[in-house]
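Coordinate inspection notes
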Amino acid sequence: MSDQQGTNKRLNVMDDEIDLQRLFALLVDNVWLILGTTLLALFLGLIYAYVATPIYKADSLLQVEKKQAGLPGFEELSEMFAEESSSQAEIQIIRSRLVLGQVVDQFNMIVEVTPDRLPLVGRLGQPEAAPEFAPQPLFAGYRDSETFITVESFNVPKKWQGKPFTLKATENGEAALYHEGDLVARGAPEQPLVSEDGRVRLVLGQWQLGKEALIVVRQNRLTAINNLRARLSVAEQGRDTGIINLSLTGPSPERIRKVLDAVAQTYQTQNIQRNAAEAEKSLEFLDEQLPEIKEKLTTAEEQLNKYRLKSESVDLSLETQSVLERLVGIEAKLNELKIKESEISARFTQSHPAYRTLLQQRQSLLQEKKQIESQIKNLPETQQEVLRMMRDVEVNQQIYVGLLNKVQELRIMKASTVGNVRIIDDALVQPEPVKPKTGLLAALSALLGLMGAVGYVLLHAALHRGIQSPDQLEEQGIPVYAAIPLSEHQQKLDRLVALMRRRRRGRHEAIPLLAVDDPADLAVEALRSLRTSLHFAMLEAENKIMMISGPSPQVGKSFVSANLAAVLAQVGQKVIVVDADMRKGHLHRYFDNQNDRGLSDWLAGQADENQIIYNTKVENLHFIPRGQVPPNPAELLMHPRFKELMEHLSGQYDLVLVDTPPILAVTDAAIIGQLAGTSLIVTRFGQNSVKEVDVTFNRFEQNKVEIKGAILNCIERRASNEYGYYNYKYESTS
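Owing to the predicted nature of the structure, the values given are computational and were not obtained by experimental measurement.

For the rest of this paragraph, the subject is the packing of aromatic side chains. Scanning the entire structure with this criterion turns up three aromatic pairs. Here tryptophan 160 and phenylalanine 165 contribute two aromatic rings whose centre-to-centre distance is 5.8 Å and whose plane-to-plane angle is 65 degrees, an arrangement assigned as edge-to-face. An aromatic cluster of three or more residues is present, and its members are Phe154, Trp160 and Phe165. One residue, arginine 199, lies across the ring of tryptophan 160, its end atom 5.6 Å from the ring centre. Between the NZ or CZ atom of lysine 574 and the centre of the ring of tyrosine 653, over which it lies, the distance is 5.0 Å.

Have a look at this one:
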């Protein structure tokens, strides 16, 4: 029941609140990692700024003036149609395929030619020369200090559009075209390079190929337009100003200047053509009306002449002449409104204000016409007829002359159309590249490096919840018998041993005992504290056998066992250390590499007891190595001979210290723990988690082995480890 309560106590959930002080301490502990990562990112950012191709920016300025939206030739209604051109609409026109497509075709931008280099690495120490246009405006090309080439045309199957082709110069002066490493075509550059099936055809103009190969890509026209649109920025300056700024970025200053000029000029040209098209449309309408009016005029004149001959001429009185003039004026206006209505109806509905104004004007003229017609009815019949015929002649003649004048005006207007777009500033390239911005890039690189390093430290701390202090174990009900700080002297010894091992091609070197080599080390002092604690812990033990185990490998069990045995022997206790890790035990390296015969040989019946017990340089300290690695370590430990050996050693020594394999890896420690009166586990700072230690205790409890407590090994002095600041060195002075 008490064991179950102890297990439940250890499984209590730890406080999940965020400890800002600990997070800051983690950053302090890893300050060199963070600083190094930040400097590395800064260095890489500066290298990129050096090797990256500089990107330049060209800009141009346009003005979109107020547009007269009325009908060319019908200026009387201009006030009703006058409206300002929408800058947003004009911006979309500039970015449309109508404009950009013509620019792409003008400079043959569906073909791209670039040097065959690795990104960044290929330009290291050799910044890439920006590709320039060939002299011919319709040809694509590339030019640097060694290479000059123009591509007149490049045709490939649709499935290969956007795929890179490699163009190289052969030894005999020919040009060879490759695709994915396969030769597609070759021949003299003066002749087209055509594949055997005829689907690939490359026509070169002027060329000079150097040692460096070129990449030639035939893009889809829409892709080329989209690429140009992505590099083109169009925005209105201010609000409702009609001033539009155009900017284009690219690696070649001359290239982007020409392209941006072409965009502005193409847009201006289409604007002029659009305005001229309106005049052309009105002109076509009037040209259709002229023959009809001419025919009506001729017919009216013939009828008038016939009637006068028949009636022997009739002169009109002054009053009748006045009525005729008024009637002719009204008829002329009505006919003019009719023509305007035909034109307006094609563009507006009857609910439009301009259309409604025109209808009101016609209704007013019709009412006035009715009044005049009522006056005419009072005249003699002969005069009424003459008046009617003369009216037709005068009206048609006035309309005809008016239309002729309109036609002439429209022809002049069409010829002199200038549009409502004005290029204020031609394209000009900024003298300094806009990318990469070294200062900004360096700052961003350093910031990203800093953020990445801090994120890594915090994420690593969150995912690897290693034990940071003995308090974490004690909060779970696990007694901590000793907290051993990380020994700098032992680290130096380990590095020296590793160096000697590499020089001697893998031979295992002996490891000096820290308790003998540097007795004043803080780690040795912690082991002396453990020695005192064990004195009281073993008073109630069943025997003198003490087992040292651990959750996992590389926690320092062998270091603790060897040096603890040494400090115990130094106070006069007779101690023997048994290396029961017959799989990977290396305790013999702490005791002059004596491992000729050992525990496995004794258990297998191949050695006597006096053959496996070795003396050491430390007085009162003896050692039994692991011996030869057996195929069945666990079965040998379950043999009665092992129990006999432990009982015999327990009678001869004050302490039998047994080093075992990790319990979570193999079951050897559970077997040995059945014979031990005292059992401890070694955990490593920052490596083993509290959960891992808890599982270790549970594993031993399942095998009826009581663990007295834990030893926290290799505690590092960190800002995040408050315990580390209480390890003080206290040396004697003369």
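Proline 436 follows lysine 435 through a cis peptide bond whose omega is -10 degrees. With respect to the helices, strands and loops of the structure, proline 436 is situated in the loop between β13 (421-429) and α12 (438-463). The backbone phi angle of glutamine 554 is positive, close to 65 degrees, even though this residue is not glycine. Relative to the helices and strands, glutamine 554 is located in the loop between β15 (545-549) and α17 (557-569). Glutamine 554 sits in the exposed class, given a relative accessible area of 66%.

Turning our eyes to something else, we now look at the confidence of the model for the chain. Predicted confidence across the chain gives a mean pLDDT of 79, with 79% of residues reaching 70 or more. A low-confidence stretch, residues 1-16 stays under pLDDT 50, and its non-local contacts, those more than four residues away or across chains, total 19 contacts. A low-confidence stretch, residues 69-84 (pLDDT under 50), is modelled with 40 contacts involving residues beyond four sequence positions or located in other chains.

Right, let's talk about the side chain of threonine 38 for a bit. Note that threonine 38 resides in helix α3 (residues 31-51). What makes threonine 38 buried here is its relative accessible area of 15%. From its side chain, threonine 38 meets the backbone oxygen of isoleucine 34 in a polar contact 2.7 Å long. Those residues in contact with threonine 38 that sit more than four places away from it in its chain are Ala446, Gly449 and Leu450.

Before going further, it helps to spend a moment on the nonpolar core. In terms of nonpolar packing, the biggest core is built from 52 residues, with Phe154, Leu167 and Val263 touching the most fellow members. At seven residues, helix α8 (residues 253-311) tops the list of elements feeding residues into this core. Those residues within four positions of leucine 167 in sequence are excluded, and the remaining contacts are Ile149, Ala175, Ala176, Leu177, Leu193, Leu202, Leu204, Leu209, Ala213, Leu214 and Val216. If you look at the next biggest cluster of nonpolar residues, it comprises 45 residues, including Ile467, Val578, Ile612 and Ile671.

It is worth spelling out the pattern of salt bridges at this point. Summed over all chains, the structure comprises ten salt bridges. The partner of arginine 221 in a salt bridge is aspartate 105, and the shortest N-O contact between them spans 2.9 Å. Note that arginine 221 is positioned in helix α7 (residues 221-231) and aspartate 105 in helix α6 (residues 97-106), a separation of 116 residues in sequence. The exposure class assigned to arginine 221 is partly exposed, which follows from its relative accessible area of 38%. With a closest N to O distance of 2.5 Å, glutamate 254 and arginine 257 form a salt bridge. Pair noted here: glutamate 254 and arginine 257 are both in helix α8, with a separation of three residues, about one helical turn. Exposure remark for glutamate 254: the relative accessible area of 32% places this residue in the partly exposed category. Among the ionic contacts, a cluster of salt bridges with common partners joins Glu254, Arg257 and Asp261.

This brings us to the packing of helix α16 (residues 522-537) against α17. Across the interface, α16 lies against α17 with an axial gap of 9 Å and an inter-helix angle of 70 degrees. Between α16 and α17, the angle is such that the two are roughly perpendicular. As α16 runs across α17, the sense of the crossing is right-handed. Taken together, the residues of α17 that come into contact with α16 (itself represented by Ala523, Val524, Leu527, Arg528, Leu530, Arg531 and Leu534) are Phe559, Val560, Asn563, Leu564, Val567 and Leu568.

Conventions we followed
Residues numbered from 1 in each chain as written. Predicted model: local features only at pLDDT ≥ 70, side-chain atom pairs only at ≥ 80, totals over all residues. Heavy atoms only, no water. Phe/Tyr/Trp six-rings, centres within 6.5 Å; stacked < 30°, edge-to-face > 60°. Lys NZ or Arg CZ within 6 Å of the ring centre and 35° of its normal. Helix = DSSP H or I, 4+ residues; strand = E, 2+ residues; numbered from the N terminus. Buried < 20%, exposed > 50% of the residue type's maximum accessible area, 1.4 Å probe, protein only. pLDDT = per-residue confidence, 0-100. Contact = heavy atoms within 4.5 Å. Polar contact = N/O pair within 3.5 Å; in protein donor to acceptor, adjacent residues only side chain to side chain. Core = buried A, V, L, I, M, F, W, Y, C linked by side-chain atoms within 4.5 Å. Salt bridge = Lys/Arg side-chain N within 4 Å of Asp/Glu carboxyl O. Axes fitted to C-alpha atoms, helices over the stretch in contact; angles between N-to-C directions. Parallel < 35°, antiparallel > 145°, perpendicular 65-115°, else oblique. Left-handed = near helix turned anticlockwise from the far one by under 90°.

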